[in-house]
Amino acid sequence: MSDLLAERIAEAKNGKQRAFSWLLDEFWIDVYNFQLKRVDSEAEAEDITVQTFARAFDKISSFDEQYSFRTWLITISKNIHIDLLRRQSEPILHLDTEEKESKRIADESPTIEDSLIMEQQFDYLLKCIKQLKDPYRTAIQLRYLQEKSYKEIAEEMSSTMSNVKITLLRAKKILAEILKRNR
């Protein structure tokens, strides 16, 4: 491990934001390219990469300097992807083909009650997003409500892509705290 990398990791362990930014810039492409080979879209690869860095920064104190930081990040990224795949796959029931097909078709369209619940949850989420301060609110709205890419968000916010990524990481953490507090 280079001296500069070891220094940045030590700074990150001490909570220095500059070190987190440096690590994100240094390893973003590695993690993003790793995911791009495994998922269907660039947006999904970006989302998993953001989750990877969020988790890594939360757990930075557990990183052992005897190992490769890049490998540690890739392992976190791989685990996040596996978790997402597990959540997406439904348990397979032992039904005949016609029953499976009818259940699949029936389950695809939400009931009126489901629609109302989703609408209420969306309204609640919007209220929580409004509690965020700028630039966090703007970043969340652009990324998740308007589905803009990191590049588009950076242009719109007159910022760098690194800052957008970090802003989104922080915004998601703050939003999660607001959601927990308000439930």
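Residues numbered from 1 in each chain as written. Predicted model: local features only at pLDDT ≥ 70, side-chain atom pairs only at ≥ 80, totals over all residues. Heavy atoms only, no water.

Quick look at the overall build of the protein now. Secondary structure assignment for the protein yields nine helices and zero strands. Along its sequence from the N terminus, the protein presents helices and strands in the succession α-α-α-α-α-α-α-α-α. Within the protein, the fraction of its 183 residues that count as buried is 32%. Considering only contacts within the protein whose residues lie at least 6 apart along the sequence, 57% involve residues at least 24 apart. With the model as given, the accessible surface of the protein reaches about 12200 Å², and the carbon-plus-sulfur share is 50%. (Helix = DSSP H or I, 4+ residues; strand = E, 2+ residues; numbered from the N terminus. Buried < 20%, exposed > 50% of the residue type's maximum accessible area, 1.4 Å probe, protein only. Contact = heavy atoms within 4.5 Å. Areas by Shrake-Rupley, 256 points an atom, 1.4 Å probe, with all protein chains shown as cover.)

Geometrically, a packed helix pair is captured by the angle between its two axes and the distance between the axes. At a minimum axis separation of 9 Å, helix α7 (residues 136-145) and helix α9 (residues 161-182) run at an interaxial angle of 100 degrees. Comparing the axis directions of α7 and α9 gives the class roughly perpendicular. Residue-level inspection shows Tyr 136, Ala 139, Ile 140, Arg 143 and Tyr 144 of α7 in contact with α9, the latter providing Thr 167, Leu 168, Arg 170, Ala 171, Lys 172, Ile 174 and Leu 175. Residues belonging to the contact of α7 with α9 are distributed by class as follows: eight nonpolar, one polar and three charged. (Axes fitted to C-alpha atoms, helices over the stretch in contact; angles between N-to-C directions. Parallel < 35°, antiparallel > 145°, perpendicular 65-115°, else oblique. Nonpolar A, V, L, I, M, F, W, Y, C, P; charged D, E, K, R; others polar.)

Now for the confidence of the model for the protein. Within the protein, residue pLDDT values average 81, and 84% of them lie at 70 or more. Helix α5 (residues 97-108) is the least confidently modelled element of the protein, averaging 50 in pLDDT, while helix α1 (residues 3-13) averages 90, the highest of any element. This model gives residues 102-106 a pLDDT under 50, and the stretch forms one contact once residues within four places in sequence are excluded. (pLDDT = per-residue confidence, 0-100.)

What follows is about unusual backbone geometry. Backbone torsion omega between Asp 134 and Pro 135 reads 5 degrees, so that peptide bond is classified as cis. Summarising the element assignment, Pro 135 is placed in the loop between α6 (112-130) and α7. Here Glu 147, not a glycine, exhibits a phi torsion of approximately 55 degrees, which is positive. Summarising the element assignment, Glu 147 is placed in the loop between α7 and α8 (150-156). One non-glycine residue, Ser 158, lies in positive phi territory at about 50 degrees. Of note, Ser 158 is situated in the loop between α8 and α9.

Let us look at the nonpolar core. Counting residues in each nonpolar core, the largest one holds 45 residues, and the members touching the most others are Leu 23, Phe 53, Phe 69, Trp 72 and Leu 73. Mapped by element, the contributors of at least two residues to this core are α1, α2 (17-36), α3 (42-58), α4 (69-88), α6, α7, α8 and α9. Element by element, the count of residues in this core is highest for α2, at nine residues. Three or more residues apiece are contributed to this core by two domains, here domain 1 (1-88) and domain 2 (112-182). Non-local contacts of Phe 69, meaning those with residues more than four positions away in its chain, are made with Leu 5, Ile 9, Leu 23, Phe 27, Ile 60 and Phe 63. (Core = buried A, V, L, I, M, F, W, Y, C linked by side-chain atoms within 4.5 Å. Domains from an automatic or database assignment.)

Taken as a whole and judged by the stated rule, the model has nine aromatic pairs. Centre to centre, the rings of Phe 20 and Phe 57 are 4.5 Å apart; their planes meet at 50 degrees, and the pair counts as tilted. Separated by 37 residues along the polypeptide, Phe 20 in helix α2 and Phe 57 in helix α3 bring together distant segments of the chain. Looking at Phe 20, the relative accessible area reads 9%, which means it is buried. Here Phe 57 falls in the buried class, since its relative accessible area comes to 11%. Each member of the aromatic cluster is reached from another via a ring pair, and the members are Phe 20, Trp 28, Tyr 32, Phe 53, Phe 57 and Tyr 150. Stacked on the ring of Phe 34, the Lys or Arg Arg 38 has its end atom at 3.6 Å from the ring centre. (Phe/Tyr/Trp six-rings, centres within 6.5 Å; stacked < 30°, edge-to-face > 60°. Lys NZ or Arg CZ within 6 Å of the ring centre and 35° of its normal.)

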